[in-house]
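Listed below, chain by chain, are the residues.
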Amino acid sequence: GVRLRFDDGDLLCDRLFAHPPPCPPALVEQLPLAVDEHNAVTVDEHSETSVPGVHAAGDLMSRIHSAQFAAGNGAAAAYAVNYAVTLERVVDGSL
C-alpha cells in the first residue's frame, strides 16, 4: 500500500497514480504555436498546428497524458504528415 502524509493526518491507499501538471516545451512558445485555455497545442483535423507544416501529437495537444494515448495520437499525426508530403509530391510532379 501507499501512505500519504498530510498536515491533518495520513491517507492509506492500495495504489497511487500521480499526474504532474503539463509543462509545454519551450519550442511551443518559440514557434509560437496556438494553445487552448489548458496550454494544450491546438491542431486541426490533420494534427497540424497554427504554424503550417508543424504537426503535434500526444501530450502536447491533450490534457490526457498517457503512453497509450500518445502512441495512438502519434500514429495518427504520422499518417497525416505522410499524406501531406505525398500530396505535395503528387501536385509538384515529383511522385
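Residues numbered from 1 in each chain as written. Predicted model: local features only at pLDDT ≥ 70, side-chain atom pairs only at ≥ 80, totals over all residues. Heavy atoms only, no water.

## Section: the confidence of the model for the chain
- Averaged over the chain, the pLDDT score is 88; the fraction of residues at 70 or greater is 96%.
- Across the chain, the element-wise mean pLDDT spans from 88 in helix α1 (residues 26-30) up to 92 in strand β2 (residues 9-13). (pLDDT = per-residue confidence, 0-100. Helix = DSSP H or I, 4+ residues; strand = E, 2+ residues; numbered from the N terminus.)

## Structural notes on the pairing of strand β1 (residues 2-6)
- Across five bridges, β1 lies against β2 in antiparallel orientation. Paired with R5 across the two strands is D10, which belongs to β2.
- With antiparallel pairing between neighbouring strands as the criterion, β1 and β2 make up a hairpin whose turn holds two residues. (Pairing = 2+ DSSP bridges.)

## Comments concerning a nonpolar patch on the surface
- Side chains of Y79, Y83, L87 and V91 sit close together on the surface and give an oily, nonpolar patch of about 480 Å² of accessible area.
- Within the secondary structure layout, V91 lies in helix α2 (residues 67-92).
- Overall, V91 belongs to the exposed group, its relative accessible area being 67%. (Patch = residues over 30% accessible without salt bridge, like charges linked within 9 Å, V, L, I, M, F, W, Y side chains within 5 Å. Areas by Shrake-Rupley, 256 points an atom, 1.4 Å probe, with all protein chains shown as cover. Salt bridge = Lys/Arg side-chain N within 4 Å of Asp/Glu carboxyl O. Buried < 20%, exposed > 50% of the residue type's maximum accessible area, 1.4 Å probe, protein only.)

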